[in-house]
Amino acid sequence: MPYHHGSLREDLLAAAAKAVAERGPDGLSLRELARELGVTHTAPRHHFGDKRGVITALAAQGYRLLAGRLRSSGGDFLEAGVAYVRFALDHPGHFAVMFRPDLVDEEDHDLAEARLRARQALIAGTAAHARAAGREGAPAAVEPAVPGGALPPYALLAWSAAHGIASLALAGALTALGLGGSKEELTALARASLQHLGPP
């Protein structure tokens, strides 16, 4: 078996993301990952333990990537929503496992930390907008996020809208209705739709 140069852990996650995007979480195989990267079949287990460990690490990586995308919106509510949808389109393998508690180890510290980071970025992106719109409960939107705590209502609404658009886009439902095909078209559709959450 050839020696694998570079960061094997990161390469395994990249290969896992690709496999999940193409075949779904059920289609992920540690042996296939090892074969693809030219390493022993025990290599993935050395880094992640089992399939659940790979998916947990993939979800944690996804949350970190998402938090970065949300922060890059500069606190702009609309752009944060668009960034969320674009993240899903750019990282479908990550997106497919991030919101699946049945597939991940909910006790994993790295996952909890990454999820909290994304949650805080999501709330920060809606707080000022909620206040400007005069939404009920807007002051709560600026409170620090705590694990297990409820999202402020406006943040939940914004997340649901962006997540719904992203999920429909990835499922091909929007394209089937003639509402966009390319990432650029779907991103434009997300922007046009999410702007209706703005102040009246």
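Residues numbered from 1 in each chain as written. Predicted model: local features only at pLDDT ≥ 70, side-chain atom pairs only at ≥ 80, totals over all residues. Heavy atoms only, no water.

A. Structural view of the packing of helix 5 (residues 77-90) against helix 8 (residues 153-171). One can describe the packing of helix 5 onto helix 8 by two numbers: an axis separation of 9 Å at closest approach and a directional angle of 35°. Judged by the twist between their axes, the crossing of helix 5 over helix 8 is right-handed. Counted together, Phe77, Gly81, Tyr84, Val85, Ala88 and Leu89 of helix 5 and Tyr154, Ala158, Trp159, Ala162, His163, Ile165, Ala166, Ala169 and Leu170 of helix 8 form the full contact between these two elements. Looking at the contact of helix 5 with helix 8 residue by residue, the class counts come to 13 nonpolar, two polar and no charged. (Axes fitted to C-alpha atoms, helices over the stretch in contact; angles between N-to-C directions. Helix = DSSP H or I, 4+ residues; strand = E, 2+ residues; numbered from the N terminus. Left-handed = near helix turned anticlockwise from the far one by under 90°. Contact = heavy atoms within 4.5 Å. Nonpolar A, V, L, I, M, F, W, Y, C, P; charged D, E, K, R; others polar.)

B. Structural view of empty space enclosed by the protein. For the structure shown, the criterion picks out one cavity of 30 Å³ or more. Quantified by volume, the largest cavity comes out at close to 100 Å³. Around the largest cavity sit 13 residues that line it, and Phe77, Ala80, Gly81, Ala158 and Ala162 are the ones nearest its centre. Those elements that place two or more of their residues in the lining of the largest cavity are helix 5, helix 7 (109-132) and helix 8. Sort the elements by how many residues they give to the lining of the largest cavity and helix 5 lands first, with four residues. Residues belonging to the lining of the largest cavity are distributed by class as follows: 10 nonpolar, three polar and no charged. (1 Å grid on protein atoms, 1.4 Å probe; cavity = no way out; pocket = protein on both sides within 12 Å on 5 of 7 lines; lining within 4 Å. Points joined across faces, edges and corners; volume = space filled by probe spheres on them.)

Shape descriptors only; they carry no functional weight alone.
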